[in-house]
Amino acid sequence: MNYHRITHIDDPLFKKMHELMQEVFPPEEVLEFSLWKEPLEDPGIRVFVAEVNGEVVGATEYRYYEDFNVAMTDFTIIGRPNQGIGRFLAQQRLHDLNALAAASGQALYGMFAEIYDPYQVDHYEFGGVKPMDPYVRREVLSHLGYKRLDFRYVHPSWNNDGVAVSGLDLCFMPSDEDQTELEASLIVAFLQRYYSVLSNKPVEWLEMVDQLGQQEKVALLPI
């Protein structure tokens, strides 16, 4: 299994990755093919696929913020069961992030992720791929070390229509597994940076960020 970075939509493996995304995710969650050109060419956005004999069997997208010394996992796709794809992607991603942090003279502080909470929403559709079932994914991410940040989370819709999206938790995987709190100022700065591309922020999101800004620490809870 190879860990291959995609930096252009002309990469033949990107077409296969995009097809896999369409198989796994609901249509509204998949960015149209041509709109991937700029994100793929952005050096701060890292898109990798797990490739076996020319076929894409998994993928992950993530970012590293050197000034915060944290990462954000945008998505992980496991396209086939019983091949160790999830473990492979998680390990390769961590190796890459540790190298990026080391290159800036740091040890990675941790990684954010938005994790679906199937206990909040009755039904998510993930193409019938069992490893992508939100109950399964939530438990796997818990095993990896992710913890839920203790506040009610919403995020701005990527349609930039001012709608607040719920049904997810903002989670953090600290490099120190004994860490029980996270600085609220870091969460605020991260969210403002991550969603800076969206001009139409929902009121619920603005209120959430404002409330976080009045706190010093946020508890890290089990998921």
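As shown above, the structure is provided for reference.
Residues numbered from 1 in each chain as written. Predicted model: local features only at pLDDT ≥ 70, side-chain atom pairs only at ≥ 80, totals over all residues. Heavy atoms only, no water.

Undergrad: Looking at this structure, how should I read the overall build of the protein chain?
TA: A tally of regular secondary structure across the protein chain gives six helices and eleven strands. Its C-alpha atoms give the protein chain a radius of gyration of 17 Å, near enough to 17 Å, the size a compact globule of 223 residues would have. Projected onto its principal axes, the C-alpha coordinates of the protein chain cover approximately 50 × 40 × 30 Å. Counting every position in the protein chain, which comprises 223 residues, the buried fraction comes to 48%. Sequence-distant contacts in the protein chain: of pairs separated by 6 or more residues, those separated by 24 or more amount to 67%. Counting every atom, the protein chain has about 11,500 Å² of accessible surface; 49% of that belongs to carbon and sulfur. With 18 positive and 35 negative side-chain charges, the protein chain shows a spacing of 4 Å between the two charge centroids. (Helix = DSSP H or I, 4+ residues; strand = E, 2+ residues; numbered from the N terminus. Rg over C-alpha atoms; globule rule 2.2 N^0.38 Å. Buried < 20%, exposed > 50% of the residue type's maximum accessible area, 1.4 Å probe, protein only. Contact = heavy atoms within 4.5 Å. Areas by Shrake-Rupley, 256 points an atom, 1.4 Å probe, with all protein chains shown as cover. Lys, Arg positive; Asp, Glu negative; His and termini not counted. Charge placed at Lys NZ, Arg CZ, Asp CG, Glu CD.)

Undergrad: Explain the packing of aromatic side chains to me, please; I cannot follow it from the model alone.
TA: Counted according to the given criterion, the structure contains 17 aromatic pairs. Ring centres of tyrosine 3 and phenylalanine 88 lie 6.0 Å apart, and the angle between their planes is 80°; on these two criteria the pair is classed as edge-to-face. With tyrosine 3 in strand S1 (residues 2–5) and phenylalanine 88 in helix H3 (residues 85–103), this residue pair connects regions lying 85 residues apart in the sequence. No difference in accessibility class separates tyrosine 3 from phenylalanine 88, as the two residues are buried. Between tyrosine 194 and tyrosine 195, the aromatic rings sit 4.9 Å apart at their centres with planes inclined by 85°, giving edge-to-face as the arrangement. Its relative accessible area of 7% is what places tyrosine 194 among the buried residues. (Phe/Tyr/Trp six-rings, centres within 6.5 Å; stacked < 30°, edge-to-face > 60°.)

Undergrad: Explain the pattern of salt bridges to me, please; I cannot follow it from the model alone.
TA: Side-chain pairs of opposite charge can arise whenever the charged atoms involved come near each other. Applying the stated rule across the entire model yields seven salt bridges. The salt bridge involving lysine 15 is made with glutamate 19; its shortest N-O contact spans 2.6 Å. Taken as a pair, lysine 15 and glutamate 19 lie in helix H1 (residues 12–24) at a separation of four residues, close to a single helical turn. The exposure class assigned to glutamate 19 is partly exposed, which follows from its relative accessible area of 34%. Where arginine 46 meets aspartate 96, a salt bridge forms, and the shortest distance between an N and an O atom there is 2.6 Å. Taken together, the positions of arginine 46 in strand S2 (residues 45–52) and aspartate 96 in helix H3 put the pair 50 residues apart, joining distant regions of the chain. The network of salt bridges with shared partners includes Glu61, Arg63 and Asp74. (Salt bridge = Lys/Arg side-chain N within 4 Å of Asp/Glu carboxyl O.)

Undergrad: It is not clear to me how the packing of helix H5 (residues 184–194) against helix H6 (residues 203–212) should be interpreted in this structure. Could you clarify?
TA: When two helices pack together, their arrangement is given by the angle between the helix axes and by the axis-to-axis distance. Two numbers describe how H5 lies on H6: the axes approach to 9 Å, and their chain directions differ by 150°. Relative to H6, the element H5 lies roughly antiparallel. Handedness of the H5/H6 crossing: left-handed. Note on element contacts: H6 touches H5 through Trp205, Met208, Val209 and Leu212, opposite Ala184, Ile187, Val188, Leu191 and Gln192. Of the residues assigned to the contact of H5 with H6, the class counts are eight nonpolar, one polar and no charged. (Axes fitted to C-alpha atoms, helices over the stretch in contact; angles between N-to-C directions. Parallel < 35°, antiparallel > 145°, perpendicular 65-115°, else oblique. Left-handed = near helix turned anticlockwise from the far one by under 90°. Nonpolar A, V, L, I, M, F, W, Y, C, P; charged D, E, K, R; others polar.)

Undergrad: What is the right way to read the environment of lysine 217 from this model?
TA: Turning to its location among the elements, lysine 217 is positioned in strand S11 (residues 217–221). Overall, lysine 217 belongs to the partly exposed group, its relative accessible area being 42%. Sequence-wise, lysine 217 and serine 185 are 32 residues apart; in three dimensions their C-alpha atoms are separated by 8.0 Å. With residues up to four places along the chain from it excluded, the contact list for lysine 217 reads Glu181, Leu182, Glu183 and Ala184.

Undergrad: Please explain the pairing of strand S3 (residues 55–65) as it appears in this structure.
TA: Of all eleven residues in S3, ten are buried, a share of seventy percent or more. Looking at chain direction, S2 and S3 are connected through eight bridges and run antiparallel. Bridging across to S3, glutamate 51 finds its partner in valine 56. Once S2 ends, the chain turns through two residues before running back antiparallel as S3, passing asparagine 53 with a positive phi of about 50°. Inspection of the sheet shows S3 paired to strand S4 (residues 70–78) by eight bridges, in the antiparallel sense. Each bridged residue has a counterpart across the sheet, and for tyrosine 62 the counterpart in S4 is threonine 73. Between the antiparallel neighbours S3 and S4 lie four residues, among them asparagine 69 with a positive phi of about 55°. (Pairing = 2+ DSSP bridges.)

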